[in-house]
Structures are given as structure tokens and as C-alpha cells.
Amino acid sequence: MAYAILAGLPPVMGLYASIVPLLVYTAFGSSRHLAVGPVAIISMVTFERCSSIAEPGSADYVNAVLLLCVMVGTIQMAMGLLRLGFLVNFLSHAVVSGLTSAAAILIALSQLKHLLGIPLASQQSVVSLLTETGRRIGETHPATLLLGVGCIFFLLFFKKRWPRFPAAIFVVIVATVIVRVLRLDEAGVSIVGSVPAGLPRPSLPVFDAGTVRTLIPAALTIVLVGFVESISIAQVIAVKERYRVEPNRELCALGLASIAAAMSSGFPITGGFSRTAVNHQAGAKTGMASIVTATLVLLTLLFLTPLLHYLPNAALAAIIVVAVAG
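Quick caveat: nothing in here was measured; it's all calculated off a predicted structure.

### Topic: the overall build of the protein
A tally of regular secondary structure across the protein gives 15 helices and 2 strands. Computed over its C-alpha atoms, the radius of gyration of the protein comes to 19 Å, within 12% of the 20 Å expected for a compact globule of 326 residues. With the principal axes as the frame, the protein shows a C-alpha extent of 55 × 45 × 40 Å. The buried share of the protein, taken over its 326 residues, is 48%. A separation of at least 24 residues holds for 81% of the contacts in the protein among residues at least 6 apart in sequence.

### Let's talk about unusual backbone geometry
Of note in this structure, Arg83 is not a glycine but carries a positive phi near 55°. Examined against the element boundaries, Arg83 turns out to sit in the loop between α5 (59–81) and α6 (93–110). Its relative accessible area of 56% is what places Arg83 among the exposed residues. One non-glycine residue, Arg183, adopts positive backbone phi at about 50°.

### Thoughts on the nonpolar core
By size, the foremost hydrophobic cluster in this structure holds 64 residues, and its most contacted members are Leu9, Tyr25, Val36, Cys50, Leu68 and Phe267. Residue contributions to this core peak at 12 residues, all from α5. Other than its neighbours up to four places away in sequence, Leu9 contacts Ala4, Tyr61, Val62, Val65 and Phe267. Core analysis: the next-biggest nonpolar cluster, separate from the first, contains 15 residues, Leu115, Cys151, Ala175 and Val321 among them.

### Comments concerning helix α13 (residues 273–281)
Those residues of α13 that fall on the buried side of the exposure criterion are Phe273, Ser274, Thr276, Ala277 and Asn279. A positive backbone phi angle near 105° is found at Gly283, which sits one or two residues after α13.

### Remarks on helix α9 (residues 142–161)
Its 20 residues give α9 an end-to-end C-alpha distance of 28 Å, which sits within 8% of 28 Å, the value for a rise of 1.5 Å per residue. Listing the buried residues of α9 in full gives Thr144, Leu147, Gly148, Cys151, Ile152, Leu155 and Phe158. End-on view of α9: buried residues confined to an arc of 135°, all on one side of the axis. For α9, the exposed residues set more than 90 degrees away from the buried face come down to Pro142, Leu146, Phe153, Lys160 and Arg161. On the buried face of α9, the contacting elements are α7 (112–116), α10 (167–182) and α15 (313–324).

### What about the environment of Met13?
Topologically, Met13 is positioned in helix α2 (residues 12–16). Residue classification places Met13 among the buried positions, given a relative accessible area of 7%. Taking C-alpha positions, Met13 is 7.0 Å from Met1, a pair spaced 12 residues apart along the chain. Beyond its immediate chain neighbours, meaning those up to four positions away, Met13 contacts Ala4, Val62, Ser265, Gly266 and Phe267.

### Remarks on the environment of Pro200
Here Pro200 shows up in the loop between α10 and α11 (209–241). On the accessibility criterion, Pro200 (19% relative accessible area) is buried. Apart from the residues within four sequence positions on either side, Pro200 is in contact with Tyr16 and Ser264.

### A look at the packing of aromatic side chains
Under the defined criterion, the tally for this structure stands at 8 aromatic pairs. Taken together through their ring pairs, the aromatic side chains of Phe153, Phe154, Phe157, Phe158, Trp162, Phe165 and Phe170 make up a single cluster.

### Some remarks on the packing of helix α3 (residues 20–28) against helix α14 (residues 288–304)
What describes two packed helices is the angle between their axes and the distance between those same axes. Direction vectors running N to C along α3 and α14 enclose 165°, while the axes themselves pass 9 Å from each other. Between α3 and α14, the interaxial angle falls into the category roughly antiparallel. Crossing angle aside, the handedness with which α3 passes α14 is left-handed. Contact with α3, carried on its side by Leu22, Leu23 and Thr26, involves Ser290, Ile291, Thr293 and Ala294 of α14 and no other residues of that element. Here the contact of α3 with α14 is built from residues that sort into 4 nonpolar, 3 polar and no charged.

Here is what the cut-offs are and how they apply
- Residues numbered from 1 in each chain as written.
- Predicted model: local features only at pLDDT ≥ 70, side-chain atom pairs only at ≥ 80, totals over all residues.
- Heavy atoms only, no water.
- Helix = DSSP H or I, 4+ residues; strand = E, 2+ residues; numbered from the N terminus.
- Rg over C-alpha atoms; globule rule 2.2 N^0.38 Å.
- Buried < 20%, exposed > 50% of the residue type's maximum accessible area, 1.4 Å probe, protein only.
- Contact = heavy atoms within 4.5 Å.
- Core = buried A, V, L, I, M, F, W, Y, C linked by side-chain atoms within 4.5 Å.
- Expected span 1.5 Å × (residues − 1).
- Arc of directions from axis to C-beta.
- Phe/Tyr/Trp six-rings, centres within 6.5 Å; stacked < 30°, edge-to-face > 60°.
- Axes fitted to C-alpha atoms, helices over the stretch in contact; angles between N-to-C directions.
- Parallel < 35°, antiparallel > 145°, perpendicular 65-115°, else oblique.
- Left-handed = near helix turned anticlockwise from the far one by under 90°.
- Nonpolar A, V, L, I, M, F, W, Y, C, P; charged D, E, K, R; others polar.

Just distances and angles here, no functional claims.
Given below as C-alpha cells:
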């Protein structure tokens, strides 16, 4: 939902982008652990380009985003069918390891605003982010900090003592109950808030030659960045779990998933670092984990959205930080 807002879209579209694309990727992808969905950098590229076409949130803006999604998927599929996945062979282990580590650091630091309760501006620079955090550290919200640190402590405790225990679910439930009972939201603790219920609607963008030309640079950027991010984390985990990832198959699977996102009211997606890290840490062994994830998101949209209202952002930040720390 946060990534949807970052892309200038209604928050619920973030959930829509986490159902059908995930199922499509599971059917065609070669990674057993890669979890596809919205990611920060692609959401920012989407907003930067589409906001030059229409007002964010408007019907024309949503159409431009869906069109961009189709273009990304088409280019990825074409690259996969042309067997251009070999280009990944030119990425050395040092490059992949460095990219993964840098992304993990940025993702962890990007959660500081939720852990400290400080409205920091989104930054893609460690230096800028730490500088702003240091300058505004006096604005830290005590209740938010205590809640976030407490969640991290319990996650690390269960990870060490009982690694198979579903600590993330436990932390989410307990943190939500604490906020609701103590009404910490009224004391300034940031919460998820209301989430519209219902299934994603089938959608198809209106094609316009001028819009397509405008979106080509963004589409190529998303294809490149998305593939590198996906294949990097997929290969890192594949090495740990001793299996192989097929780049051409990954391109085709990601392309189909992006097209599926456009047809189910989503927006451009790829395999995410933090999402995949959470998936692997939770004990996933096969693509069935992604099917379970998509099913739970679907059930949440249908029946459980009222329960998400008091979920504190600090708890979600804690889960992400612990997941990417390794």
C-alpha cells in the first residue's frame, strides 16, 4: 500500500498488484523463493514519468500506469523469448553481492521514519537519509520507538530460539492489539488505517501512440532495474538453497506477471529484495509459499481489511529490518 502511494495511486492498488502477478510468476518462474510485487524504485520511476502525462490519481494517470505496465511486460517477454537472459552472465558475483547488500542497507534505513516516528523525506542516498535523521532525531516519537524496538527484539528472540515459529504473524497481531487497546493511534503512533474491501477489477489500458512514446524511457528503465533486482536476490538465495535460476525463464515470467498486473488493476512489479527476504526467512521451500501469500492477500481483501486498521507501521518496519539484516 505504501508503494502504491509512492507511485501516485490509490493504496489498495498495492494489494491488487500482490495477487494475480504473484500467481502468474509462480506458474512460470524458475525461482522457488522470489516474491514479486511492488517495489520502491519502480514505484518512484512510475510516478516520475506518469505524473508528466496526467494528474496523479486521475483516470488518465491510472491509464498511463496500466499502459506502462503492459509495455514493461511486453519488453520483458520479448527479451526472454529472444534469449537475452545471457546478459546476466556478465554480472559478477561481487556486483550481485554488492547490489544486494546496498539494497538491504537502503531498505533497512528507509524504515527509520516508521521506527522513530519521524516524517523523513524518501531518500535513495544513505548519506542524505542519515544526515536528515541526525538533524531531526530530537523529534523521535517515544511510543513509536518503543513499539518498533520491542517488535525487533521479539523477532530476533524467536529467530534465535524458535526459528520455525511464525514470529512475524505473532508480532503483527500483538502490536495491533496493543495499539487498539491503548489507543496509541490517538497518541501519535502511525497506523495503516482504512483499507477498501473487494476483489480487483479486470482492467485494460487505452493505447495511445503519443503516450507510448512518452513512456518508453520509463519502461526501459523499469525493465533493466527490475530484472537486475529480481535476478540478483533470486540468485543469492538460489546459491544458498543449491538450485539454479534460469534468466530467460525469469524474463518471460516477470513479463507475464507485469501484464497480469495491468489486467488486474495493479501497477509495474518485480521481484522485491525485502519481500523475498521475508519469504525465505519464513521457511519457504517452493512456489507454494507464493500461492499461500496471494491467497491470504485475497482473503484479506475480502474479509479482513477492518482488522488492518490499527496495524502500526512500526511493526511492519521491524519485520522488514530483521528480514533484510542477513
